[in-house]
Amino acid sequence: MRKILFLCGLSLLTVGTAQAGEVSVQWQQPEKFTDIRPANDTRKAYRERILKKFDSFFAELAGKLPEGYKWEVTVTDLDLAGDVDYFAGGAGNPLRVVKDIYSPAIKFSYVVRDKHGEEVASAEEKLRDMGFMQTLNSVNNSDELRYERQMLEDWFSKELLPKVEQYAQALPKVSQ
């Protein structure tokens, strides 16, 4: 069972499942982010669509946390892979051109709490995947945010999940 809560203006997402952790995502002034420029959509509609996709990425990752854990994320900047070229599309139609010099990046802070509210991990992260075009698992993947998704999944599995697992192993075992 999943529950989703959006608050207008704050862009807050809360998602939970019966067998997993929960996440709340806050987007801090997304209109000022480095790059969420649309190639062929209005700025506001494109930004809202991109943020919703990132909300779902974070929700998928939270599903890997232990039951009862809460993950609070505040995103402060986003730079999508590629860059919008206003002349590449011909006839005045801009295109997002993805080259290895336009790497994806995201800045965020987070706190993970266990089911008792105790802090498990917290940090400020600045992720940038300079080798994003060489490390993608599926070359044929057509998801427009495949590079950003891969960057977040790699960070989560290499950095955050081990911290959570180490914390869980260090807890004293209580018998009833």
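For the structure, see preceding data.
Everything quoted here is computed from the prediction, not taken from an experiment.

### Describing the pattern of salt bridges
And then number 1: If you walk through the whole model with that rule in mind, you get seven salt bridges.
And then number 2: With a shortest N-O distance of 3.0 Å, K53 and E144 are connected by a salt bridge. Placement of K53 in helix α1 (residues 43–62) and of E144 in the loop between α2 (132–135) and α3 (146–170) is noted, with a sequence separation of 91 residues between them.
And then number 3: Judged by its relative accessible area of 35%, E144 falls in the partly exposed class.
And then number 4: One salt bridge connects R113 with E72, and the closest N-O pair in it is separated by 3.7 Å. You can see R113 sitting in strand β6 (residues 105–113) and its partner E72 sitting in strand β3 (residues 70–79), a full 41 residues away along the chain.
And then number 5: Accessibility expressed as a relative area gives 27% for R113, which makes it partly exposed.
And then number 6: A relative accessible area of 33% means that E72 is categorised as partly exposed.
And then number 7: One continuous salt-bridge network, built from bridges that share partners, spans E60, D143, R149 and E153.

Criteria and cut-off values
- Residues numbered from 1 in each chain as written.
- Predicted model: local features only at pLDDT ≥ 70, side-chain atom pairs only at ≥ 80, totals over all residues.
- Heavy atoms only, no water.
- Salt bridge = Lys/Arg side-chain N within 4 Å of Asp/Glu carboxyl O.
- Helix = DSSP H or I, 4+ residues; strand = E, 2+ residues; numbered from the N terminus.
- Buried < 20%, exposed > 50% of the residue type's maximum accessible area, 1.4 Å probe, protein only.

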